[in-house]
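Report on the structure
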Amino acid sequence: MVQLTDVQKHFGSHHVLKDVTLSIAPREVVVVVGPSGSGKSTLCRCINRLETITSGSIAVDGVDLPAEGRALAKLRAEVGMVFQSFNLFAHRTILDNVTLAPIKVLGRSRKEARAEGLALLDRVGIADKADRFPAQLSGGQQQRAAIARALAMKPKVMLFDEPTSALDPEMVSEVLDVMTSLAGDGMTMVVVTHEMGFARRAADRVIFMDDGRIVEEDTPANFFDHASSPRAQAFLSKILPH
């Protein structure tokens, strides 16, 4: 579903992604972990071309990322993205946030988009908040609305860039529960996160990045219990409870 080949990314003289090659199968859940500044979020943002790569190639469902124009808009419709900050339109209701793109981009009728939007809000557990504005919701509810908004485009792939890092601890689990449910339903997902419990529970594969490179990739059980690289072992020793 997603293929990265020899991807390089520079910000000026700073080499952020180095020789990244990665294949993600349909229905696979890949969790990307690593220290701050290791290139995780940049990798995520390159997959839907929010960041342009310096060299190499990225393909989604067999199609290379287009440079710009309508082809890029079509790709972005097929690759949902959920950010750290919820990026909801503050002046629109939650339901309007969810239905806007299906109406404007996919050409759905208002009635059809509304019915689908309410079903998605029900799926993420906030159907009763459809007519509220973002400021009237908790952070966890806003992030669940952002997930519903991404799902409304019926994406082939969902990207999550540290979706719980801006949330109070008690709100984290409600968002992770929705993501775990999506994984169980077979959504292809790339998740950048510090939530190791989610990685253990929901990932098919864990990717460990450091200094712009993929240092290690394995099943959650093997990675967390038998990490082979000294760098991954050092990382896990600092973040996992002793």
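Quick look at the structure, then. (Residues numbered from 1 in each chain as written. Predicted model: local features only at pLDDT ≥ 70, side-chain atom pairs only at ≥ 80, totals over all residues. Heavy atoms only, no water.)

Attention shifts here to the pairing of strand E10 (residues 213-218). Pairing of strand E9 (residues 205-210) with E10, which is carried by five bridges, proceeds in the antiparallel orientation. Of the residues in E10, the one forming a bridge with Met 209 is Ile 214. Hairpin geometry of E9 and E10 is characterised by an intervening segment of two residues between the two adjacent antiparallel strands and by a positive phi of about 55° at Asp 211. (Pairing = 2+ DSSP bridges. Helix = DSSP H or I, 4+ residues; strand = E, 2+ residues; numbered from the N terminus.)

Attention now moves to the sheet that holds strand E3 (residues 29-33). With mixed pairing, the six strands of this open sheet are ordered in space as E6-E7-E8-E3-E9-E10. Edge strands, defined here as strands with exactly one partner in the open sheet, are strand E6 (79-82) and E10. Strand after strand, the sheet turns through a mean of 20° between neighbouring axes, direction not considered. Packed onto the sheet, helix H1 (residues 40-47) meets E3, E6, strand E7 (157-161), strand E8 (188-192) and E9 and runs at close to 150° relative to E7. (Axes fitted to C-alpha atoms, helices over the stretch in contact; angles between N-to-C directions. Contact = heavy atoms within 4.5 Å.)

Bringing the nonpolar core into the picture now. Membership of the largest hydrophobic core comes to 49 residues, with the highest contact counts inside it found for Ile 147, Met 158, Phe 160, Met 179 and Met 189. When residues of this core are assigned to their parent elements, the largest contribution, eight residues, is made by helix H6 (residues 169-184). In this structure Met 158 touches Gly 80, Val 82, Ile 147, Ala 150, Leu 151, Leu 182, Met 187, Thr 188, Met 189 and Val 190, once residues within four positions along its chain are discounted. (Core = buried A, V, L, I, M, F, W, Y, C linked by side-chain atoms within 4.5 Å. Buried < 20%, exposed > 50% of the residue type's maximum accessible area, 1.4 Å probe, protein only.)

Under the defined criterion, the tally for this structure stands at 16 salt bridges. Across the salt bridge formed by Asp 210 and Arg 231, the nearest N and O atoms sit 2.9 Å from each other. Highlighted residues: Asp 210 in strand E9 and Arg 231 in helix H9 (residues 230-239), separated in sequence by 21 residues. Look at Asp 210 and you get buried, because its relative accessible area is 19%. When its relative accessible area of 33% is taken as the criterion, Arg 231 is described as partly exposed. In the salt-bridge network here, residues are joined through shared partners; they are Arg 108, Glu 112, Glu 116 and Lys 154. (Salt bridge = Lys/Arg side-chain N within 4 Å of Asp/Glu carboxyl O.)

The values reported here are purely geometric and, on their own, carry no functional implication.
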